[in-house]
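Given next are the chains, with one letter for each unit.
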Amino acid sequence: MTEDDRFAALEERLRRLEDERAIERMIAAYGPLVDAGDADATAALWAVDGGYQVAGWWSMHSRADVAAMVRSDDHQRLIEHGCCHFLGPAVVTVNGDDAIAVCDSALFVRADKGFRVYRAGANHFRLRRAGDGWEITERISRPLDGSRQARDLLAAGVAGRAPSAAEHDE
Amino acid sequence: MTEDDRFAALEERLRRLEDERAIERMIAAYGPLVDAGDADATAALWAVDGGYQVAGWWSMHSRADVAAMVRSDDHQRLIEHGCCHFLGPAVVTVNGDDAIAVCDSALFVRADKGFRVYRAGANHFRLRRAGDGWEITERISRPLDGSRQARDLLAAGVAGRAPSAAEHDE
Amino acid sequence: MTEDDRFAALEERLRRLEDERAIERMIAAYGPLVDAGDADATAALWAVDGGYQVAGWWSMHSRADVAAMVRSDDHQRLIEHGCCHFLGPAVVTVNGDDAIAVCDSALFVRADKGFRVYRAGANHFRLRRAGDGWEITERISRPLDGSRQARDLLAAGVAGRAPSAAEHDE
C-alpha cells in the first residue's frame with residue numbers, strides 16, 4: 001500500500017465515523033429542541049422538502065410543516081404543561097450520500113405525581129447528505145401498539161432498509 | 001516518530017473507536033430487533049455459545065436459546081400486545097479482543113392509557129471479537145429493585161470488570 | 001498539502017471524535033454509577049470545584065458535595081428501594097478545552113407494579129479538559145414541568161451555549 005493509499009483508507013474510515021455521528025447527534029438533538037419549543041432549530045433538521053409522519057396525529061410534508069407543528073397550539077400546550085420527548089440511541093446505516101436510522105422513543109407527560117408514559121414508539125429516518133452535514137428526508141413514527149407496521153419500521157431500520165410498501169398503503 | 005509509526009498510531013486510535021461503536025450499535029439494535037420479533041437478527045448478536053440471564057425469568061445458554069425466547073409464546077404475546085424494550089446509551093470498555101459494556105433498560109408495556117413501566121433494569125454485557133465484528137458471550141439483566149447484585153452489575157460494568165462472583169451463586 | 005499537514009488534519013479530526021466520545025461516555029456512566037451507589041466514581045466525573053444544581057432538591061458546589069449526595073440517607077434509601085436514573089444520548093459541543101453537553105433524563109422508581117416515572121428532566125453540562133480526559137464544571141438539572149428555565153437549558157445545550165443569565169437569578 002502506498003502512503004497515499006494509507007491516507008485515503010484512514011480518511012474514508014474517519015469520514016464514515018463522522019457521518020454516523022453527525023446523524024446520531026441530529027437525532028439526539030430532536031427531543032431537546034422540540035421540548036424547548038425551538039421551531040426553527042427543530043425544522044432545520046429536515047430537508048426543505050422533507051416529510052414527518054406521526055401515525056394517528058400529523059403528516060408533515062416540508063421543513064415549514066415541521067416548524068408549524070412545533071408552533072401549533074397542540075404542541076405549545078404540551079410543552080407548557082410539561083413533557084419530555086425522550087429518544088434512545090439511534091442505529092445508523094450510511095450508504096454513500098444516503099442513510100437510514102432507527103430509534104425508540106418515549107413521550108413522558110407531567111401528571112399528578114411525576115410523569116406518565118403517554119407513548120412509546122418506533123422511529124424510522126431516511127436522510128441524505130447536504131453540504132457538510134445531513135438532512136432528514138423522511139421520518140415515520142408509530143406507537144408500539146402491536147401493529148405489524150410499527151414492527152416493520154424497527155426491523156427495516158436496523159437492516160438499513162426503507163420500510164416495506166405497506167407502510168404507505170394506509 | 002517515523003511515518004510508519006504515525007500511521008500505526010492513527011490506525012490504532014481509529015480501530016478503538018470503531019470497536020467501541022460497533023458494540024454500542026449492537027446494543028442499540030437489541031431493543032428494536034426484539035420488539036420487531038426478528039428472532040434470527042436478535043440471536044445473531046450473540047455468540048453460538050453465548051449466554052443471556054434475565055433474572056427471575058429466563059436463562060439462555062446459546063444463540064439458539066435466544067432465538068427460541070424471541071419466538072416463544074410469552075414474547076410473541078408481549079409484542080403483539082405492544083411493548084418497547086428501551087435501552088440507554090452503553091458504556092463500553094474494550095480490552096484487545098474482549099469487551100465489557102453496561103447500560104440501563106426500561107420495558108414499557110401498553111396499558112389502558114398510554115404505557116406503563118413494567119421494569120427498569122441493569123444490563124451487563126461481555127463480548128469478544130469475532131471476524132470483523134463482535135459477539136455477546138454473556139448478558140445479565142436484573143431489575144433495579146434495590147438488590148446488591150443489580151447494583152454490582154452497574155459498578156462492574158462501568159469499571160470494565162466482570163460481575164463479582166456472587167452473581168453466579170444464586 | 002504536505003504529508004505533515006495530512007497527518008495533522010487526521011489527528012485533529014480523530015481528537016475531536018475522541019473528545020466528544022469521552023464526554024458522552026462520562027454522561028452515560030452517571031446513571032449506572034449513581035444507581036450503584038458508587039460515591040467516589042460518581043464524584044470523580046466532576047472537577048474538584050465543580051457544581052451540580054438539581055432544581056428543588058440540592059445544590060452541590062464541589063466534587064466532595066457530589067460524593068456526599070450519593071452517600072446521603074435520601075439517596076441511599078432511594079437506591080435500596082429500587083430506582084433507575086436513565087439518561088438519554090448526550091448532544092456534545094467541544095470548543096477547544098471547553099465543552100457543553102445536554103441530555104434528557106428520567107427517574108424510574110419502583111412501585112407496587114413495576115416502576116413509576118418520578119421525574120423527566122433536562123440536563124445541561126459544562127465541562128473542561130483535565131489531563132487526558134474531561135471534568136464536569138457545572139451540571140444543572142431541571143424537571144420538564146413547563147418552566148421557561150428548563151426549556152432554556154435544552155435550547156442552550158444543543159446550541160453549545162451556557163444557559164441564559166436567568167438560570168442563576170432564582
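Refer to the structure above for everything that follows.
Focus: the interface of chain C and chain A
- Residue-level contacts link 33 residues of chain C with 39 residues of chain A.
- Buried surface at the junction of chain C and chain A, summed over both partners, amounts to about 3,000 Å²; 63% is from carbon and sulfur atoms.
- Two residues, Glu24(C) and Arg21(A), come together in a salt bridge whose shortest N-O distance is 2.8 Å.
- Residue assignment for the side of chain C that touches chain A shows that the elements contributing at least two residues are helix 1 (3–36), strand 3 (83–87), strand 4 (91–95), strand 5 (98–110), strand 6 (115–130) and helix 5 (148–159) of chain C.
- The biggest single contributor to the side of chain C that touches chain A is helix 1 of chain C, with 10 residues.
- Split into classes, the residues belonging to the side of chain C that touches chain A amount to 18 nonpolar, four polar and 11 charged.

Regarding the packing of helix 1 (residues 3–36) of chain A against helix 1 (residues 3–36) of chain B
- Packing of helix 1 of chain A against helix 1 of chain B brings their axes to within 11 Å, and their N-to-C directions diverge by 30°. Accordingly, the angle class assigned to the pair helix 1 of chain A and helix 1 of chain B is roughly parallel. Here helix 1 of chain A and helix 1 of chain B pass one another in a crossing that is left-handed. Of the residues in helix 1 of chain B, those touching helix 1 of chain A at Glu3(A), Arg6(A), Phe7(A), Leu10(A), Arg13(A), Leu14(A), Leu17(A), Glu20(A), Arg21(A) and Glu24(A) are Glu3(B), Asp4(B), Phe7(B), Ala8(B), Leu10(B), Glu11(B), Leu14(B), Arg15(B), Leu17(B), Glu18(B) and Arg21(B).
- Of the residues belonging to the contact of helix 1 of chain A with helix 1 of chain B, the class tally is nine nonpolar, no polar and 12 charged.

Focus on the interface of chain A and chain B
- Each partner contributes residues to the interface: chain A has 33 residues there, and chain B has 39 residues.
- Summing both partners gives a buried area of about 3,000 Å² for chain A against chain B, and 63% of it is carried by carbon and sulfur.
- It is Arg6(A), Arg13(A) and Arg151(A) that lose the most area in chain A upon contact with chain B, and together they represent 21% of the buried surface on that side.
- For the interface between chain A and chain B, the tally reads five salt bridges.
- There are 10 residue pairs in polar contact (both at pLDDT 80 or more) connecting chain A and chain B.
- Elements represented by at least two residues in the side of chain A that touches chain B include exactly helix 1, strand 3 (83–87), strand 4 (91–95), strand 5 (98–110), strand 6 (115–130) and helix 5 (148–159) of chain A.
- Counting residues per element, the side of chain A that touches chain B draws most heavily on helix 1 of chain A, at 10 residues.
- Here the side of chain A that touches chain B is built from residues that sort into 18 nonpolar, four polar and 11 charged.

Observations concerning the environment of Trp58(C)
All names here are of chain C.
- Its place among the elements puts Trp 58 in strand 2 (residues 58–60).
- In this structure the C-alpha to C-alpha distance between Trp 58 and Met 69, which are 11 residues apart in sequence, comes to 8.3 Å.
- Once residues within four sequence positions are removed from consideration, Trp 58 is found in contact with Tyr 52, Gln 53, Ala 68, Met 69 and Ser 72.

Observations concerning the environment of Ile79(A)
- Mapping Ile79(A) onto the fold places it in helix 4 (residues 73–81).
- Taking relative accessible area as the criterion, Ile79(A) reaches 2% and is therefore assigned buried.
- The sequence separation of Ile79(A) and Ala36(A) amounts to 43 residues, and the corresponding C-alpha distance is 7.6 Å.
- Here Ile79(A) is in contact with Val34(A), Asp35(A), Ala36(A), Gly37(A), Gly146(C) and Arg151(C), once residues within four sequence places are set aside.

Digging into the packing of aromatic side chains
- All told, the structure shown has 24 aromatic pairs over all chains when counted by the stated rule.
- Between Phe108(B) and Phe108(C), the ring centres sit 6.1 Å apart and the planes meet at 65°, which makes this aromatic pair edge-to-face. Here Phe108(B), found in strand 5 (residues 98–110), pairs with Phe108(C), found in strand 5, and the two come from separate chains. Of the two residues, Phe108(B) and Phe108(C), both sit in the buried class.
- Plain terms: the ring middles of Tyr30(C) and Tyr52(C) are 6.1 Å apart, the flat faces sit at 90° to each other, and that makes the pair edge-to-face.

Thresholds applied
Residues numbered from 1 in each chain as written. Chains lettered and ligands numbered in written order. Predicted model: local features only at pLDDT ≥ 70, side-chain atom pairs only at ≥ 80, totals over all residues. Heavy atoms only, no water. Contact = heavy atoms within 4.5 Å. Buried area = accessible area lost by both parts, 1.4 Å probe. Salt bridge = Lys/Arg side-chain N within 4 Å of Asp/Glu carboxyl O. Helix = DSSP H or I, 4+ residues; strand = E, 2+ residues; numbered from the N terminus. Nonpolar A, V, L, I, M, F, W, Y, C, P; charged D, E, K, R; others polar. Axes fitted to C-alpha atoms, helices over the stretch in contact; angles between N-to-C directions. Parallel < 35°, antiparallel > 145°, perpendicular 65-115°, else oblique. Left-handed = near helix turned anticlockwise from the far one by under 90°. Polar contact = N/O pair within 3.5 Å; in protein donor to acceptor, adjacent residues only side chain to side chain. Buried < 20%, exposed > 50% of the residue type's maximum accessible area, 1.4 Å probe, protein only. Phe/Tyr/Trp six-rings, centres within 6.5 Å; stacked < 30°, edge-to-face > 60°.

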